[in-house]
Amino acid sequence: MRQAETLGGTTWLSGCLDRFTGRLDRYWLPVAVSWPILVFILALLVFIFYMTFVPGLPTEPGLTLQYWINVTHPYVLKTVIPNTLIVGTGSVLISMFFALPLSWILNRTSLPFRRTLVSCLGVVVIIPGFVKAMAWLMLINKRSGLVNQALSGLLGLQSVSLSVENTLGMAWVLGLSLTPAMFFLISGPMRSVGAEMEEAAAVVGANWFQRLMRIDVPLLAPAVLGAAIYNFMIAIAIFEVPAVLGGAGGRYGVLSTELFYAIHPWAQQATIQYGAAGVYGALIIIPSLLGLYFYYRVLGQTHRYRVITGKGYRSKEADLGGYKYLALGFVVLYLLLAMVIPMLVLVWASLLPYLQMPSQEALSKLSLDNYFNFLSAIGGLVPLRRTAVLMVSVSVLVLFFSFMTSWVVVRTNIRGRRTMDAIAMLSHAVPGIAFAFALYLLALVLAPWLPLFGESLAIIVIAHCVHLLAPGTRITNAALLQVSPELEEAANVCGARGMSAMWKIVLPLIKPSLLYGGLWTALLSFREVSMALFLNGPNNTVFSVAVWNLWQQGNLRLAAAGSVVLVSTMGLLTLVLLHWTGDAVADQDRRYREI
Amino acid sequence: MNRLLKTAGWIFVILVGLISTPPHTHGQQLKEMIAQAQKEGALRAQIISTASPEANKIKQAFLKRFGLNINVDISFGNESTEYQKAETALKTGGLPAFDVMNGEDGNNLNFINQGFLLKIDNWQALLAEIHPLVRSGKVKPAEISPEPFTGFSFLLGNRNKVLLYNTKLVSPDQLPQAYPDLADPKHQGKFAVPPWSSTWEMGRLVYPQDKWLQTVDTIGKNAAGVMTFAASLERILLGDLWYAQSNFEYVWSTKAKDPNAPLGYKIFKDATFMNRVLYAVPLRSRHPAAATLFGLWMTTDEGRMLLSPAHWQENVEVGQTEMDMQVREAIKASKTKVVSWFQDEKARAELKWLSTPDGKKYSEAIGRALTQRK
């Protein structure tokens, strides 16, 4: 009896140890990798909040509530916050209007040239936001807009009072710009919706609309909700579009522009208001937290949305028949509005000595001078090399950290995993520029030991990684959610040890999502300007900042020329990469159909 | 007799001593500065961002002028941001990003008051070697580095505020003649204002303080938008705006790109607000010798004109280029009052008042009124 008890006790203890070491054996890497970066993000967040109570620099003594009291100023309550909500909500609605149909058309139908069209969506991302804003400003404004002039001529009116220089205009341009983000975020889940459920519904008599509303929509709800929250957060944190369309004035001020100008005051002898910037950042975080709450409510029902299981699954394309021209027209319309028209305006501006409306006189002034002068204007090839290094580093690091974090969140039952996910998402809820100034101050504190850190490309890489961890984890979360644990359990039963199941089974299954994610983060890093602008120094100027500087100092023609060259190059690379990943996805689909 | 001989002997020795001691040459100081710069091996210089296309040309000319073989990085950024970053770095014990910076009088004075600029030793002698107009005696060193910047900051040029307008949309007689005219409802929606309040604060030197604040508020309400000078220039050329307050230099840079551009300028009758733009070496500059050479050299007509054709920097105080003469003549012919913070002691006292708590409040009020952040 005693021996049995002893044996039983030993058995119980060894069982616990086995479970712990077994878990550790499987999860040590994700845990070891994900926790430090999340703690770092949390530390930066805490620092930002701390700065809202500091009157000046963090090294100076004293605390104050003045910045929080200033929030009750009528300008903030009656202008800035309402404007921000209009811009955020409007841009989400516009991007959903385009992205949902686009995602279905380009992922689930037999529309021809799908891959090329998807590649074009990637190119939309490359065009910097402020360039699109300038293009729309030329097209639609009360006094000289091309569309306004055409309409007034057609209708026989003296003028047409349409304008994009307001919050609705900002929402329009942002909505167009953020449509690819939503498209890429829901494309993976959209492609993965199994055909069996739709076939079963068809058998019992459901038409395509009923199948769409009762099967596809509920299955895609978490992805769509997550994408909507993501877009809202980006929209209210983007600075450059409201800065162009709203100007530097207060009439159409939003939280992001007020935050930027708190850090970049125009007046001489002004001091940077870090506290005010922190408060504006905090005001952007609050709706994010609300959005997160609703997101987690949906996430709690994830088991209902699992479609890739140990049993075979396959996706099926819908035959559009005669509707394919309508579908194609919709896709082309979006691309015209979001890409073609801005690019045409870019090209036009790049060929002129100064921006002017199309006319006979303007045509006589066309030349390629700006293309020859652009490189020297930005300091040669150095900013381009830096940008390439930035994109690759950020993409690899973000995917790595995102995957590790998502593995812990989705695949383990480790205590605190939901907190980890919330922290990862918080990094997106905080405007990037707030992280940038926190990192900037951190660099100042570290200057005695790391004097070059504040001026290096590394600080921008860190800023981008911290900021892009949220979209990265949304992609990897969504990808892992759709892979049932049954596959790993089967692998473990067959003797797979440690993280073999992760590398050999799960990763290949979610490779398309990872490739999309990698491309997406690289493009986001490429076009990001607010953080890079704030952290800009003589040794780390990247392309986006170089173009922004040219634009802001009136060298629009040089900025346009540079943008045309870079967008064309990046567009070509994107086309090649998306075609390649498209082939990989097609192969994968074929393999699963054969199972 | 002996005493006489002794005295003559001493006089002779003294005379020989005076003759044989080589005089302290200005050239020697410049040579030493150049040698020091060569030893430093590098330089990070800031130029105005609109001149960015000329960066490489300026770099080559600088190296050639002083026979240097060092690593020169000429960079650019928003002036206010760079000064604020430098101030933050210097306050926290860090290093400024640039070895030599250019900025307006207000930024320079702020740095001098906080002890954030290096005073250049023997700057008069160096200027005499580097600056042809100083060497020839046409210009005094004190004109290149006037009070209160003496020895710290050196005059690159001026920014004179004028009204730029689209000549196809509006004729000169339809333009506002004085600043308060911008508050007239007939000009509503036709012009833009800048986001910076620095020159608008100078209105206190012309009009009563409270009346001026009210005028600026009405102007802010009347404006079509708030945008930088560069942005408003683009909009004027596009025909989207009729006119805007701007710097005189934009006339030159626009006409250099296209002589037929529909751009004209009008000098305000009541006041032409003028700022100085100066070069200075910040404290803890990593390469102070090279920075000094660069800053002093940029104050010459030769250095300054290398900023063109991308950027035309006038110097109406001591410049001798054709542009300087034309701008000077235009301002004189308009019979406008040139207003600057350094025109007299009263103006300097007003500038000093702006850094007091009450002055900062007034400055913020002007900024809010102009940009309508109320």
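Just so you know, these numbers come straight off a predicted model, no measurement behind them.

1. Observations concerning the overall build of chain B
- When helices and strands are counted, chain B shows 17 helices and ten strands.
- Summarising its shape, the C-alpha atoms of chain B cover approximately 95 × 45 × 40 Å along the three principal directions.
- Taken across its 374 residues, chain B has 61% of its residues classed as buried.
- Contacts spanning at least 24 positions in sequence make up 78% of the contacts within chain B whose residues lie at least 6 apart.
- Per element, the accessible surface of chain B, about 15100 Å² overall, is 56% carbon and sulfur.

2. Side note on the packing of aromatic side chains
Residues and elements named next belong to chain B.
- A full pass over the atoms with the stated rule returns 37 aromatic pairs over all chains.
- Judged by centre distance (5.0 Å) and plane angle (70°), the ring pair of Tyr83 and Phe111 falls under edge-to-face. Remark: Phe111 occurs in helix α5 (residues 105–113) and Tyr83 occurs in helix α4 (residues 79–91); sequence separation between them is 28 residues. In this pair, the class of Tyr83 matches that of Phe111, namely buried.
- Seen from their ring centres, Trp353 and Tyr362 are 5.9 Å apart, and the 55° between their planes marks the pair as tilted.

3. Thoughts on α4(B)
Residues and elements named next belong to chain B.
- Here α4 contains 13 residues, and its C-alpha end-to-end distance of 18 Å stays within 8% of the 18 Å for a straight helix at 1.5 Å per residue.
- Of all the 13 residues making up α4, twelve are buried; the element is thus mostly covered by neighbouring parts of the structure.
- Turning to α4, its buried residues are Glu79, Ser80, Thr81, Glu82, Tyr83, Gln84, Lys85, Ala86, Glu87, Thr88, Ala89 and Leu90.

4. Considering the interface of chain B and chain A
- Listed per partner, the contact involves 57 residues of chain B and 57 residues of chain A.
- Interface area for chain B against chain A, summed over the two sides, is near 5000 Å², with a carbon-plus-sulfur share of 49%.
- Counting across the interface, chain B meets chain A through four salt bridges.
- Salt-bridge contacts for B:Arg373 lead to A:Glu258; the nearest nitrogen and oxygen are separated by 2.8 Å.
- Connecting chain B to chain A are nine residue pairs in polar contact (both at pLDDT 80 or more).
- With eight residues, the top contributor of residues to the side of chain B that touches chain A is α4(B).

5. Looking at the layout of surface pockets
Residues and elements named next belong to chain A.
- Taken as a whole, the second largest pocket spans an internal volume of roughly 850 Å³.
- Trp104, Trp208, Leu212, Asp216 and Ala318 are the residues nearest the centre of the second largest pocket, which is lined by 30 residues in total.
- Here the lining of the second largest pocket gets ten residues from one element, more than from any other, and that element is helix α9 (residues 208–237).
- A per-class count over the lining of the second largest pocket returns 22 nonpolar, no polar and eight charged.

6. Structural notes on the confidence of the model for chain A
Residues and elements named next belong to chain A.
- Across chain A, pLDDT averages 80, with 85% of residues at or above 70.
- In this model residues 1–10 is a low-confidence stretch, pLDDT under 50, and it forms zero contacts with partners more than four residues away in sequence or in other chains.
- Note that residues 584–595 has pLDDT below 50 and, in this model, twelve contacts with residues that lie over four places away or in other chains.

7. Regarding a nonpolar patch on the surface
Residue and element names in this part refer to chain A.
- A contiguous nonpolar patch, built from Tyr50, Phe53, Leu63, Leu65 and Ile69 and spanning about 500 Å² of accessible area, is present on the exposed surface.
- Within the element layout of this structure, Tyr50 appears in helix α1 (residues 2–51).
- On the basis of relative accessible area, Tyr50 is assigned to the partly exposed category, the value being 36%.

8. Let's talk about the pairing of strand β4 (residues 153–166) of chain B
Residues and elements named next belong to chain B.
- Burial within β4 is extensive, with 14 of its 14 residues counted as buried.
- As paired strands, β4 and strand β9 (residues 272–280) are joined by seven bridges and run antiparallel to one another. When the bridges of β9 are listed, Gly157 appears paired with Val277.
- Of the pairings in the sheet, the one linking β4 to strand β7 (residues 243–247) comprises five bridges and is antiparallel in character. Its bridge partner lying in β7, Leu164 is registered against Ala244.
- Pairing analysis gives four bridges linking β4 to strand β8 (residues 263–266), with the strands arranged antiparallel. Across the sheet, residue Leu163 finds its bridge partner in β8, namely Lys266.

Reading guide: rules and limits
- Each chain has its residues counted from 1, following the order in which its sequence is written.
- Labels are handed out in written order, letters beginning with A for the chains and numbers beginning with 1 for the ligands.
- Predicted model: local features are reported for residues with pLDDT of at least 70 only, side-chain atom pairs are reported and counted for 80 or more only, and whole-chain, interface and lining totals are derived from all residues.
- No hydrogens and no water enter the side-chain calculation; it runs on all heavy atoms of the structure.
- Put simply, DSSP H or I for four residues or longer makes a helix, DSSP E for two residues or longer makes a strand, and each gets a number counted from the N terminus.
- Between buried and exposed lies partly exposed: a residue is buried under 20% and exposed over 50% of the maximum accessible area for its type, with that area taken using a 1.4 Å probe on protein chains only.
- Contacts are assigned to residue pairs with any non-hydrogen atoms lying within 4.5 Å of each other.
- Each accessible area is a Shrake-Rupley estimate made with a 1.4 Å probe; only the visible protein chains count as cover when residues are assessed.
- Any two rings among Phe, Tyr and Trp, with Trp reduced to its six-membered ring, count as a pair given centres within 6.5 Å; such a pair is stacked if its planes are under 30 degrees apart, edge-to-face if over 60, and tilted if neither.
- One less than the number of residues in a helix, times 1.5 Å, gives the span that helix is expected to have.
- Put simply, buried area is how much 1.4 Å-probe accessible surface two parts lose in total, over both of them, once they are put together.
- Here, a salt bridge means any Lys or Arg side-chain nitrogen found within 4 Å of an Asp or Glu carboxyl oxygen.
- In the analysis that follows, any N or O atom pair within 3.5 Å is treated as a polar contact, provided that within protein one partner can donate a hydrogen and the other can accept it, and provided that, for residues neighboring in sequence, both atoms belong to side chains.
- Using a grid of 1 Å spacing that covers the protein atoms alone, one calls a set of points a cavity when a 1.4 Å probe fits there but cannot get out, and a pocket when the set is open and has protein on both sides within 12 Å along at least five of seven lines; lining residues are those with an atom within 4 Å of a point.
- Grid points are joined across faces, edges and corners, and a volume is the space filled by probe spheres set on the points.
- Charged residues are taken to be Asp, Glu, Lys and Arg, nonpolar residues to be Ala, Val, Leu, Ile, Met, Phe, Trp, Tyr, Cys and Pro, and polar residues to be all remaining types, Gly included.
- The pLDDT value tells you how sure the predictor is about a given residue, anywhere from 0 up to 100.
- Like-charged residues within 9 Å of one another, or nonpolar side chains (Val, Leu, Ile, Met, Phe, Trp, Tyr) within 5 Å, are grouped into patches, provided each residue has over 30% relative accessible area and no salt bridge.
- Following DSSP output, two strands are said to pair if at least two bridges run between them.

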